[in-house]
Structures are given as C-alpha cells and as structure tokens.
Amino acid sequence: MTHQTVGHPARPGLPDHPHANVTEPTPSCPVEITLAVLRGRWTTLVIRELLQGDRTFTELRQALPALSDKVLSDRLAHLTQAGVLDRRRQPGWPPRVHYTLTSHGQRLGPVLQSLWDWGAQH
C-alpha cells in the first residue's frame, strides 16, 4: 500500500515521506546520509569485497592491488565510524585485524546493485 503525502500524489521513484520535499540538502536527509557513507573513490569496492565475507587489511589490499595503504586505512576508518563495519583485532603476532560488515552495512548490498544497474543502463 502506498501512502500519500497530504496534497502530493505518490510519484514513482520519489520518496513517499513528508520531509522529502526539502528545498536544499540537509545532513539529516536519508539520501545525503547514504551518499556520505559511500563518499570517496574505492569505498564501494571495499564494501563489495566485504559483502563476500570478513577480510583482513592484507586480504583487502590483495583484492584491490591499486589501492594504497593510506586510502584503504582511511576508507576502513570512515566505514567503521559510520557503523557500516565492525573492526575486530585478533590477538597474536603479528596482530591481525578483521573487518566485517555490520547488519547496517549488509543493507548496502542492494544499494550498490541499484547503482550498478542504473549506471549500466546509462
């Protein structure tokens, strides 16, 4: 069942929410929140790798060999801070850190698929 905003008929492809009629981007806008999480080159590829299962830093570097250590570290820190990744340090030497998508992060899979599908058509 589609809900309609008072005075605005539901339109395909447009958010069906009373706050969707904003006139400028705001940090609380769900679309802006999603774009902020996905910002930066390599972010979507890091998420893609983690959608296949947990990975260590080294495994991510091997999967994305053109990605620098600094950018990978930045992307992992950003995604962890955004609640998309869990970072778990394994005891021992050398220390190993495993990255796993949170349930919140797993929900980005269909978002990335939609972005891919849209881009493939254009």
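Structure: above.
These figures come from a predicted structure and were not determined experimentally.

Caption draft 1: Geometry of the overall build of the protein. From N to C terminus, the protein includes six helices and three strands. Written out in order from the N terminus, the α and β elements of the protein read α-α-β-α-α-β-β-α-α. Looking at the protein residue by residue over its 122 residues, the buried ones come to 25%. Here the analysis covers contacts within the protein between residues at least 6 apart in sequence; of these, 42% occur between residues at least 24 apart. Carbon and sulfur atoms provide 57% of the accessible area of the protein, an area that totals close to 8900 Å².

Caption draft 2: Seen up close, the packing of helix H2 (residues 43–51) against helix H4 (residues 69–81). Where H2 meets H4, the closest approach of the two axes is 10 Å, and the angle between their N-to-C directions is 70 degrees. By the angle between their directions, the pair H2 and H4 is classed as roughly perpendicular. Only Leu72, Arg75, Leu76 and Leu79 of H4 make contact with H2, whose side of the interface consists of Thr43, Val46 and Ile47. For the contact of H2 with H4, a count of residues per class yields five nonpolar, one polar and one charged.

Caption draft 3: Examining the sheet that holds strand E3 (residues 96–101) more closely. Spatially, the three strands line up as an open sheet ordered E1-E3-E2, and their pairing is antiparallel. The open sheet has two edge strands with one neighbour each: strand E1 (55–56) and strand E2 (85–90). Relative to E3, E1 runs antiparallel, the two being bridged by two bridges. Looking across to E3, one finds that Thr56 is bridged to His98. Packed on one face of the sheet, H2 meets E1, E2 and E3 and runs near 90 degrees to E3. Contacts between H4 and the sheet are confined to E2 and E3, with E2 contributing the most and set at about 115 degrees to the helix.

Caption draft 4: Representation of the pairing of E2. In terms of strand pairing, E2 meets E3 through six bridges, oriented antiparallel. Its bridge partner lying in E3, Gln90 is registered against Arg96. Between E2 and the antiparallel strand that follows it, E3, lie five residues; Gly92 among them carries a positive phi value of about 125 degrees.

The rules behind the values
- Residues numbered from 1 in each chain as written.
- Predicted model: local features only at pLDDT ≥ 70, side-chain atom pairs only at ≥ 80, totals over all residues.
- Heavy atoms only, no water.
- Helix = DSSP H or I, 4+ residues; strand = E, 2+ residues; numbered from the N terminus.
- Buried < 20%, exposed > 50% of the residue type's maximum accessible area, 1.4 Å probe, protein only.
- Contact = heavy atoms within 4.5 Å.
- Areas by Shrake-Rupley, 256 points an atom, 1.4 Å probe, with all protein chains shown as cover.
- Axes fitted to C-alpha atoms, helices over the stretch in contact; angles between N-to-C directions.
- Parallel < 35°, antiparallel > 145°, perpendicular 65-115°, else oblique.
- Nonpolar A, V, L, I, M, F, W, Y, C, P; charged D, E, K, R; others polar.
- Pairing = 2+ DSSP bridges.

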